[in-house]
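So you can see what is in the structure, the chains are spelled out below.
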Amino acid sequence: MRSAAPGEPRGTAALLVDSRGRYLLHLRDANKPHICHPGTWSLPGGGREAGEACRDAVERELLEETGLVLPLEPFAVVDAHGPEGAEGRIEVYLGHWDGDADALPLTEGIMFRHFDADRIPHLTMCPWAQQVIDLHQRAESRLPAVARTDDRTGGGRGRGGAGRARPNIIGVNLYLERKGTVLLGLRHPDTAYPGAAHHFLAGHCEQESAVRCLVREAEEEVALVIDPADVELAHVVHVVDHPGGQPRMQLVFRARRWRGEPEVREPDRCASWGWWPADALPEPIVPYARTAIEGIRAGRSYSELGWGRASS
């Protein structure tokens, strides 16, 4: 990892929305020195530490400030301005959380609260946080409406149900098989997801093709060199972790050939890499990884996971 280059975001924040469309806001301290925008409502988050990537920073800050470990997706980058001028850029990540704000541990600031969008104009808001919520409201207004279903089937329950379209996060995963064994990494216990569990090499597909993302992640994280021409789609798992949770389309790619041996290049994320018998997978293992491996061995190309719970 490297330090932030000029123009890169120095700060991070988490925009958390619940199934009712309410935003989780944090009321800043009003009287402590060196507090930016004191006494305003803002978003949980904070600055990057030396050598820390934005995603790692926002996951760390969210855990430190709220005790939450949640799936997050990049949403926007905004410019922050304070009483003394420009403060730098902030990368904002979007997540979903339906919990009780009053039950969150309060390690700094005054309180956490959920607010409907129509209440926010009446609050004393941190300017950049207001901008982020305005951006999210505009993005939500552009989502197409879909036909509502009978509530008895689990639909029609706001943003988390079938009554509103919701973007899916696209994940890429590497399936490597050698002599009946599958390559899996044991994630570091302090990672936000999936801590202390075995998993594929995986990443989120952002502004790049899925195969290009996979090839890049393989070289950066495991020191494996893969030619995109040797990559084929092996399985797809459409997964949701909890009712109203962020839907994810997990693309599992098989590489027919590769160069190199797996190395631990990011020890803060992955403790070890190993080859495990496909019929005797280690525990614990990320559920959708197990589902994908079982699907591949059975010759299936698609699986769904968690949707029964999500619609119950």
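Reading the values: rules and limits
- Residues numbered from 1 in each chain as written.
- Predicted model: local features only at pLDDT ≥ 70, side-chain atom pairs only at ≥ 80, totals over all residues.
- Heavy atoms only, no water.
- Phe/Tyr/Trp six-rings, centres within 6.5 Å; stacked < 30°, edge-to-face > 60°.
- Helix = DSSP H or I, 4+ residues; strand = E, 2+ residues; numbered from the N terminus.
- pLDDT = per-residue confidence, 0-100.
- Contact = heavy atoms within 4.5 Å.
- Buried < 20%, exposed > 50% of the residue type's maximum accessible area, 1.4 Å probe, protein only.
- Salt bridge = Lys/Arg side-chain N within 4 Å of Asp/Glu carboxyl O.
- Pairing = 2+ DSSP bridges.
- Axes fitted to C-alpha atoms, helices over the stretch in contact; angles between N-to-C directions.
- Core = buried A, V, L, I, M, F, W, Y, C linked by side-chain atoms within 4.5 Å.

(A) The arrangement of the packing of aromatic side chains in detail. Using the criterion set out here, one finds three aromatic pairs in the structure. Judged by centre distance (6.1 Å) and plane angle (20°), the ring pair of W258 and W275 falls under stacked. Of this pair, W258 sits in the loop between β14 (248-255) and β15 (270-277) while W275 sits in strand β15, and the two are 17 residues apart along the sequence.

(B) Spotlight on the confidence of the model for the protein chain. Looking at the protein chain as a whole, the pLDDT averages 84, with 83% of positions reaching at least 70. Predicted confidence for residues 1-6 stays below pLDDT 50, and this span has 15 contacts to residues more than four positions away or in other chains. Predicted confidence is poor over residues 143-163, with pLDDT under 50, and the contacts of this stretch with residues over four places away or in other chains come to 40 contacts.

(C) Here's a closer look at unusual backbone geometry. In this chain, E283 is followed by P284 through a cis amide linkage whose omega measures -10°. Here P284 shows up in the loop between β15 and α4 (287-298). At K179, a position not held by glycine, the phi torsion is positive, near 50°. Relative accessible area serves as the criterion here: at 83%, K179 is assigned to the exposed category. Phi at A223 is positive, roughly 65°, even though this residue is not glycine.

(D) Summary view of the pattern of salt bridges. Scanning the entire structure with this criterion turns up 18 salt bridges. Taking the shortest distance from any N to any O, the salt bridge between R60 and E61 comes out at 3.2 Å. Side by side, R60 and E61 carry an identical accessibility label, which is buried. Ionic pairing is found between R60 and E64, a salt bridge with its closest N-O pair at 3.4 Å. Here R60 and its partner E64 are both found in helix α1 (residues 54-66), four residues apart, which amounts to about one turn of the helix. Judged by its relative accessible area of 42%, E64 falls in the partly exposed class. One network of salt bridges, in which partners are shared, links E49, E52, R60, E61 and E64.

(E) Quick look at the sheet that holds strand β12 (residues 201-204). Taken together, the five strands give an open sheet; going across it, the order is β12-β8-β14-β13-β16, and neighbouring strands pair in mixed fashion. For this open sheet the edge positions go to β12 and β16 (302-305), each flanked by a neighbour on one side alone. Pairwise comparison of adjacent strand axes, ignoring direction, gives a mean angle of 25° for this sheet. Pairing of strand β8 (residues 169-175) with β12 involves four bridges; the strand directions are antiparallel. The residue of β12 that forms the bridge with N173 is A202. Across the face of the sheet, α4 comes into contact with β8, β12, β13 (231-239), β14 and β16 while running at roughly 130° to β13.

(F) Molecular detail of the nonpolar core. Of all hydrophobic cores here, the largest spans 22 residues; its most connected members are L15, L25, L43, V92, I120, M125 and W128. Counting only elements with at least two residues in this core, the list comes to β1 (11-17), β2 (23-27), β5 (73-82), β6 (85-96) and α2 (127-141). Sorting elements by how many residues they give to this core places α2 first, with four residues. Of all hydrophobic cores here, the second largest spans 19 residues; its members include V172, L224, V236 and A255.

(G) Representation of the environment of L176. Within the secondary structure layout, L176 lies in the loop between β8 and β9 (177-178). In the structure, L176 is positioned 77 residues away from F253 in sequence and 8.5 Å away in space, judged by C-alpha atoms. Setting aside chain neighbours within four positions, we find L176 in contact with T181, V182, L183, L224, A255, W258 and W275.

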